[in-house]
Amino acid sequence: MNKNDVNLDAVFIGPKSENKDVFKENLLKMFDDHMEWRKNFHPEDDTVIKLDEFDKESYKQTNLRMREALTQLSSKLRTTMMPWHSARYLGHMCSETLMPALLAQFATTLYNGNDVTYEVGPGTAELEEEVGQDFCRLMGFDPEIGWGHIASDDTTANLEAVWYMRNMKSFPLAIKEVCPEFVEGKSEWELLNMSEKEVLDIFDKVPEKLDEIKAHSVTHKCEMLPKLGKVIVPQTKHYSWLKAIDIFGIGLENLVEIPVDDTFRMDVDKLKETMDDLIAKKIPIMGVVSVVGTTEEGAVDRVDKVAELKKQYAEQGINFHYHIDSAYGGYGRAMILDEYDQVIPFEKLQEKYLQHGIFKNPNLNWPCREVYEGFKAMCEADTVTCGPHKMGYVPYQAGGFAMKDKRLRNAISYFASYVFQKDAKVPDLLGAFILEGSKAGSAASAVWVAHKTLPLNITGYGRLIGASIEGGQNLYSKIVATKQYEIDGTVVEIHPLVKLEFNMVEYVLNIKGNTNLVKMNALNYAVYKKLSYFTEPYANDLILSHTLFDYSDYGNSPLDLIERCGMSKDEWDKVHTVTLLRSCVCNPFLNKPDVFKYYAEQFDKAIVKRLKEVFIEQPEFKN
């Protein structure tokens, strides 16, 4: 570890409030700064709330009601909220949040900036512009050419991606009506397969006709929609893609899902087969989506292979929008960027990891070549979703969106005369180029301070993501080594789903010798209910999440797991659903050997305790 590398113990409050004094000192400083800021704005102005108000009974009663309400709130929060800060929480992709981000959000909330336009949030709008440039650098885009912004969440960012896909696909048809000289001689099929660069270059030549072109596009003419083709996603897509296709009127029948392979990555061969079939039928491809960090398995799609396909089809005159949904895994790209934000050659990665102390275990060999190439090729996308409030460890709500070519913004721009001036520059016009209207400046501050404290490379976020990945690897290895538990003479096996690519660990419990999939599913759901929000979380010893893998979503991908549990393909074919326990290991401290050893013991104790309870309450499981 180098002296300039981030010390993770210094950036979190800590599971036992170890950094309480540091947090409190900085919080009070930011609070005091704000109070002075209020007072020093035109100090000649008189006070408005007079001292005699403090003695009035109505003032005291109102103040008392506020205190009582806050006391009730504190009680509700402390008794009902999930203890993300503890390594006993191994459920969803939630964890301890970064202390600098929390402090920034708290402080900026006092100023209540609105980043919709520079006019109502000048300071935070500038910060958001810088954060957008950070997103570009992280994804490998040129920040002078690309652009990015914070979204309220990653679903919103994915909605924007579909908005771009739809509008950009329709613009060539509109250009033919408004400026036919630019597309003279092109057939409808050729128009629907123009590259986005060609379209944006035309926009540059006739900026005064942009509004007219839009008026002849799908934004005004919904009858164009059936011509625009299909959106292609992997089976592991987030459910937000269903929402987006619905909201933008594309129709779920035009969402094509590609099967995944046994590593739960999109099957690139199946993707090519599907695309070739659509092209042969003269059905345009509106967009293709890859996932970096699937929300169920943490899988990283072969972005490099899809990017290569995109280039091959472009040479044939077939073009489409390529989006990467890295809401979960996007910050993981920091793991392959050196201290100068340059991509580290694969052959040099392990040397760099040792130099910067990325992993406590020097023998941890991550990533595999396929995952590395997937991260490296993210710069080939047109747009990317990335989630600061996931693996950026920033408080909600802070999603992220980045594009390779900032000119793309004009595809969805709208200008409200009372908010925006068309001749103004970003960040003045932020709200004109995004799906949302009013947006909290505090989110921009939180992400900006997080990025300033933890650089988006191996010295900062690389260390944090590395700690999470190592914690996940530790849990996976522990499950593999445990193999089984004995509960009063009954042996219960534990099987992981798949080898880790990120920090998501999924596994099943099955009574040894059981070949009934319905029974195994019921056992895992029963254990989940005892280790989840169904209980009183603050009183629980371990908190997990769960998920279902259904044939309609995953095909036969879970079959390897089913067979390792001692069941046949015929049994899988009868049920076609498997219930799994799910642990997203976001906690930044489970990479420490002594810490992990302790919590691994607590994991085993909790599993055994809950299995005993299930067997007592439902003795049929043992039969």
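Please read these numbers as outputs of a predicted model, since none were measured by experiment.

Trainee: Just to check I follow, could you spell out the overall build of the chain for this structure?
Mentor: For the chain, the count of helices and strands is 20 helices and 13 strands. Its C-alpha atoms give the chain a radius of gyration of 27 Å, near enough to 25 Å, the size a compact globule of 623 residues would have. Once the C-alpha set of the chain is aligned to its principal axes, its extents read approximately 80 × 80 × 50 Å. Sorting the 623 residues of the chain into buried and exposed places 56% on the buried side. When the accessible surface of the chain is split by element, carbon and sulfur atoms take 52% of a total near 27,900 Å². A gap of 3 Å separates the mean positions of the 72 positive and 93 negative side-chain charges of the chain.

Trainee: I tried to follow the environment of His238 on my own but got confused; where do I start?
Mentor: Mapped onto the fold, His238 is located in the loop between strand E3 (230–234) and helix H9 (240–247). Along the sequence, His238 and Leu70 sit 168 residues apart, while their C-alpha atoms lie 36 Å from each other.

Trainee: Honestly, the UniProt feature "domain: L-tyrosine decarboxylase C-terminal" (unreviewed entry) in the chain in this entry has me stumped. Any pointers?
Mentor: The sites that UniProt annotates as "domain: L-tyrosine decarboxylase C-terminal" (unreviewed entry) are residues 473–611. Helix and strand shares over residues 473–611 are 43% and 25% respectively, and the end C-alpha atoms of the span are 24 Å apart.

Trainee: Would you mind going over the UniProt feature "modified residue: N6-(pyridoxal phosphate)lysine" (unreviewed entry) in the chain with me for this structure?
Mentor: The feature "modified residue: N6-(pyridoxal phosphate)lysine" (unreviewed entry), as annotated in UniProt, sits at Lys390 in this numbering. Within the fold, Lys390 resides in the loop between strand E7 (383–386) and strand E8 (399–403). In contact with Lys390, other than residues within four places in its own chain, are Met93, Asp154, Ala327 and Tyr328. One polar contact links Lys390 to Asp154, side chain to side chain, over a distance of 2.5 Å.

Trainee: Just checking my understanding: could you explain the packing of aromatic side chains for this structure?
Mentor: Geometry of an aromatic ring pair is reported as the spacing of the ring centres plus the angle between the planes. Scanning the entire structure with this criterion turns up 25 aromatic pairs. Here Trp84 and Tyr89 contribute two aromatic rings whose centre-to-centre distance is 4.8 Å and whose plane-to-plane angle is 90°, an arrangement assigned as edge-to-face. Of the aromatic side chains, those joined through ring pairs into one cluster are Tyr525, Tyr528, Tyr533 and Phe534. The cationic tip of Lys310 hangs over the ring face of Phe320; the distance from NZ or CZ to the ring centre is 4.9 Å.

Trainee: Can you walk me through the sheet that holds strand E1 (residues 89–90) in this structure?
Mentor: A sheet is described by the order of its strands in space; here six strands give the open sequence E1-E12-E13-E11-E10-E9, paired in mixed fashion. The open sheet has two edge strands, E1 and strand E9 (484–487), and neither has a second partner.

Trainee: Explanation requested: helix H10 (residues 268–280) in the structure shown.
Mentor: Owing to its 3.6 residues per turn, the α-helix aligns residues three or four sequence positions apart on the same side. Over its 13 residues, H10 extends 18 Å from the first C-alpha to the last, a length consistent with the 18 Å expected when each residue adds 1.5 Å. Turning to H10, its buried residues number three or more, namely Val268, Leu271, Thr274, Met275, Leu278 and Ile279. Taken around the axis of H10, the buried residues stretch over an arc of 130°, which confines them to a single face. The exposed residues of H10 that point more than 90 degrees off its buried face are Asp269, Glu273 and Ala280. Buried residues belonging to H10 abut helix H6 (188–191), E3, strand E4 (255–258), strand E5 (285–291) and helix H11 (303–315). Its side-chain oxygen placed 3.0 Å from the backbone nitrogen of Asp269, Asp267 serves as the N-cap of H10.

Trainee: It is not clear to me how the domain arrangement of the chain should be interpreted in this structure. Could you clarify?
Mentor: The extent of an interface is frequently quoted as the accessible surface area lost upon association of the parts. Each assigned domain of the chain is listed with its residue range as follows: domain 1 (1–41 + 82–96 + 459–622), domain 2 (48–75) and domain 3 (139–417). One C-alpha centre belongs to domain 1, the other to domain 3, and the line joining them spans 30 Å. Contact with domain 1, which involves 41 residues of that partner, is made by 39 residues of domain 3. Where domain 1 abuts domain 3, roughly 3,400 Å² becomes buried across the two surfaces, and 58% of that area is made up of carbon and sulfur atoms.

Trainee: Explanation requested: the packing of helix H16 (residues 517–530) against helix H20 (residues 593–617) in the structure shown.
Mentor: A pair of packed helices can be characterised by two numbers: the angle between their axes and the separation between those axes. One way to put it is that H16 packs onto H20 with a least axis distance of 9 Å and a crossing angle of 120°. For the pair H16 and H20, the sense of crossing is right-handed. Of the residues in H20, those touching H16 at Leu523, Ala526, Val527 and Lys530 are Arg610, Leu611, Glu613, Val614, Phe615 and Glu617. Its residues assigned to classes, the contact of H16 with H20 comprises six nonpolar, no polar and four charged.

Trainee: Please clarify how unusual backbone geometry should be interpreted in this entry.
Mentor: Most peptide bonds are trans, and most residues other than glycine sit at a negative phi. With an omega dihedral of 0°, the bond running from Trp366 to Pro367 counts as a cis peptide bond. Along the chain, Pro367 falls in the loop between helix H12 (349–356) and helix H13 (369–376). Even without glycine at this site, Asp341 takes up a positive phi of about 65°. Of note, Asp341 is situated in the loop between strand E6 (321–326) and H12. By relative accessible area, which is 34% here, Asp341 ends up partly exposed.

What counts and what doesn't
Residues numbered from 1 in each chain as written. Predicted model: local features only at pLDDT ≥ 70, side-chain atom pairs only at ≥ 80, totals over all residues. Heavy atoms only, no water. Helix = DSSP H or I, 4+ residues; strand = E, 2+ residues; numbered from the N terminus. Rg over C-alpha atoms; globule rule 2.2 N^0.38 Å. Buried < 20%, exposed > 50% of the residue type's maximum accessible area, 1.4 Å probe, protein only. Areas by Shrake-Rupley, 256 points an atom, 1.4 Å probe, with all protein chains shown as cover. Lys, Arg positive; Asp, Glu negative; His and termini not counted. Charge placed at Lys NZ, Arg CZ, Asp CG, Glu CD. UniProt positions renumbered as here; feature names shortened; annotations may be inferred. Contact = heavy atoms within 4.5 Å. Polar contact = N/O pair within 3.5 Å; in protein donor to acceptor, adjacent residues only side chain to side chain. Phe/Tyr/Trp six-rings, centres within 6.5 Å; stacked < 30°, edge-to-face > 60°. Lys NZ or Arg CZ within 6 Å of the ring centre and 35° of its normal. Pairing = 2+ DSSP bridges. Expected span 1.5 Å × (residues − 1). Arc of directions from axis to C-beta. Domains from an automatic or database assignment. Buried area = accessible area lost by both parts, 1.4 Å probe. Axes fitted to C-alpha atoms, helices over the stretch in contact; angles between N-to-C directions. Left-handed = near helix turned anticlockwise from the far one by under 90°. Nonpolar A, V, L, I, M, F, W, Y, C, P; charged D, E, K, R; others polar.

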